[in-house]
Amino acid sequence: MIEKLKQNRFLFEELVKRDFKKKYKRTALGMMWSMLSPMLNLLVMALVFTRFFGKDTPHYIIYLFSGNIVLSYYRESTKSGMVALTNNAGIFSKINVPKYLFLFSKNVASLINFGLTIIVYMIFVICDGIKLHPRFFILIIPIVCLTVMCIGIGMILSSLFIFFKDTEYLYDIFLTLLTYVSAVFYKVDIFPENTRRLFLLNPVYVYIRYFRSVVIDGVIPSLEYHGLCFLYAALFLGIGCWFYIHYNKKFIYYV
């Protein structure tokens, strides 16, 4: 795979540039939307939920922001990955190139947007009275794991979307459900112990909690928790690779 990436480096770079530029084509603010969009979403959520859930939650704005940026990155990365093959069918149906290049380019473009959002996130952290600390560098672990997981889920979704167009509508419903079960705006402490453990079955919540633990609580998660982060990343990447290997030769007949 690495060798093929090297061979198709120029194509990959051009795909990333195209996907990134396409997102902001004909917009007045361009890349600024990567920073403004999460801020505006945060403002809406803060106005709605602070009164109900934020009264007894320290640094509630950062609590909200942590959940919002992780969920937003997951949503953008996987949804763009879902249509990566169908949107580029005109290329790989004529030229023999690795199909995962199109998915990777979507994820890199989403990761760049996420990086810009992280800058805004850190500014809010400082404004909320939380001091920047060297331990913040460990956030690279959940970011890498989340990226790998999104690539795997993108592989699954893009494969299913080629054969079943209903995947898009079903996934939108799933994302709505995911928003409410990822504890973005409420604390899981309001639930019994057994219910709180069920939240760990949600990988998006696992990465959200990692951010909150490091930034707000000043605590680096345990080795077991790191193992859970790596497990979800490896599991979904493995399933995604299986889909691509198993159905790779059939894609061309359905696009």
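Our structure's up above, just so we're on the same page.
All of these numbers come straight from a predicted model, not from anything done at the bench.

Trainee: In this structure, what is going on with helix α12 (residues 223–247)? I would like to understand it.
Mentor: Every α-helix winds through 3.6 residues per turn, so residues three or four apart in the chain are directed the same way. Taking 1.5 Å per residue, 25 residues should reach 36 Å; α12 reaches 36 Å between its end C-alpha atoms and fits that length. For α12, the complete set of buried residues consists of Tyr225, His226, Leu228, Cys229, Tyr232, Ala233, Gly240, Phe243 and Tyr244. Residues of α12 that are buried sit in contact with α5 (84–87), α7 (100–127), α8 (140–163) and α11 (203–215).

Trainee: Hey, could you run me through the environment of Lys187 in this one?
Mentor: With respect to the helices and strands, the residue Lys187 is situated in the loop between α9 (167–181) and α10 (193–198). What makes Lys187 partly exposed here is its relative accessible area of 29%. Separated by 124 residues in the primary sequence, Lys187 and Tyr63 place their C-alpha atoms 9.2 Å from one another. Filtering out sequence-adjacent residues up to four positions away, Lys187 remains in contact with Thr57 and Tyr63.

Trainee: Explanation requested: the packing of helix α4 (residues 60–82) against α8 in the structure shown.
Mentor: Each pair of packed helices can be summarised by the angle the axes make with each other and by the distance between the axes. Following both chains from N to C, one finds α4 and α8 inclined at 35 degrees, their axes separated by 7 Å at the closest point. In the crossing of α4 with α8, the sense of the turn from one axis to the other is right-handed. Counted together, Val70, Tyr73, Tyr74, Ser77, Thr78, Gly81 and Met82 of α4 and Leu146, Thr147, Met149, Cys150, Ile153, Gly154, Leu157, Ser158 and Phe161 of α8 form the full contact between these two elements. Along the lines of polarity and charge, the residues of the contact of α4 with α8 split into ten nonpolar, six polar and no charged.

Trainee: Please explain the packing of aromatic side chains as it appears in this structure.
Mentor: Given two aromatic rings, one states the distance between the centres and the angle between the planes to describe the pair. Applying the stated rule across the entire model yields 14 aromatic pairs. Look at Phe65 and Tyr121: their rings are 5.5 Å apart centre to centre, the planes differ by 85 degrees, and that puts the pair in the edge-to-face class. Of this pair, Phe65 sits in helix α4 while Tyr121 is found in helix α7, placing the two residues 56 residues apart along the sequence. Ring centres 5.2 Å apart and planes at 85 degrees place the aromatic pair Phe65 and Phe124 in the edge-to-face group. Residue Phe65 is found in helix α4, and its partner Phe124 is found in helix α7; the two are separated by 59 residues along the sequence. Taking relative accessible area as the criterion, Phe65 reaches 0% and is therefore assigned buried.

Trainee: Hey, could you run me through unusual backbone geometry in this one?
Mentor: Trans is the common state for peptide bonds, and a negative phi is the common state for residues other than glycine. Residues other than glycine seldom take positive phi values, yet His59 does so here, at roughly 55 degrees. Phi is positive for Ala183, which is not a glycine, with a value near 55 degrees. Within the secondary structure, Ala183 is located in the loop between α9 and α10.

Trainee: Any chance you could explain the layout of surface pockets here in plain terms?
Mentor: It is a probe the size of a water molecule, rolled over the atoms, that shows where empty space is left. Space inside the largest pocket adds up to approximately 450 Å³. For the largest pocket, the lining is made up of 19 residues, of which Val188, Asp189, Tyr205, Arg209 and Asp217 are closest to its centre. For the lining of the largest pocket, the elements supplying multiple residues, two or more each, are α10 and α11. Take the lining of the largest pocket: its biggest share by element is four residues, from α11. By residue class, the composition of the lining of the largest pocket is eight nonpolar, three polar and eight charged.

Trainee: Got a minute to help me understand the pattern of salt bridges in this structure?
Mentor: Any two side chains of opposite charge can pair, given that their charged atoms come close. One pass over the structure, following the stated rule, counts four salt bridges. Across the pair Lys79 and Asp172 runs a salt bridge whose closest N-O atoms are separated by 2.7 Å. Note that Lys79 is positioned in helix α4 and Asp172 in helix α9, a separation of 93 residues in sequence. Classification of Asp172 as partly exposed rests on a relative accessible area of 30%.

Trainee: Mind showing me how you'd approach α8 here?
Mentor: The end-to-end C-alpha separation of α8 is 35 Å, in line with the 34 Å expected for 24 residues at 1.5 Å each. Taken across its 24 residues, α8 has 18 buried, putting it largely inside the fold.

Trainee: Looking at this structure, how should I read the nonpolar core?
Mentor: Generally speaking, nonpolar side chains in soluble globular proteins are found buried as a group. Of all hydrophobic cores here, the largest spans 54 residues; its most connected members are Tyr74, Tyr121, Tyr207 and Phe211. Listed by contribution, the elements that provide at least two residues to this core are α4, α7, α8, α9, α11 and α12. A per-element tally of this core places α4 first, with eleven residues. The contact partners of Tyr121, leaving out residues within four places of it in the chain, are Ile62, Phe65, Ser66, Ile69, Phe211 and Val215. Ranked by size, the runner-up nonpolar core spans 14 residues in total, among them Leu15, Ala84, Tyr100 and Leu101.

Thresholds applied
Residues numbered from 1 in each chain as written. Predicted model: local features only at pLDDT ≥ 70, side-chain atom pairs only at ≥ 80, totals over all residues. Heavy atoms only, no water. Helix = DSSP H or I, 4+ residues; strand = E, 2+ residues; numbered from the N terminus. Expected span 1.5 Å × (residues − 1). Buried < 20%, exposed > 50% of the residue type's maximum accessible area, 1.4 Å probe, protein only. Contact = heavy atoms within 4.5 Å. Axes fitted to C-alpha atoms, helices over the stretch in contact; angles between N-to-C directions. Left-handed = near helix turned anticlockwise from the far one by under 90°. Nonpolar A, V, L, I, M, F, W, Y, C, P; charged D, E, K, R; others polar. Phe/Tyr/Trp six-rings, centres within 6.5 Å; stacked < 30°, edge-to-face > 60°. 1 Å grid on protein atoms, 1.4 Å probe; cavity = no way out; pocket = protein on both sides within 12 Å on 5 of 7 lines; lining within 4 Å. Points joined across faces, edges and corners; volume = space filled by probe spheres on them. Salt bridge = Lys/Arg side-chain N within 4 Å of Asp/Glu carboxyl O. Core = buried A, V, L, I, M, F, W, Y, C linked by side-chain atoms within 4.5 Å.

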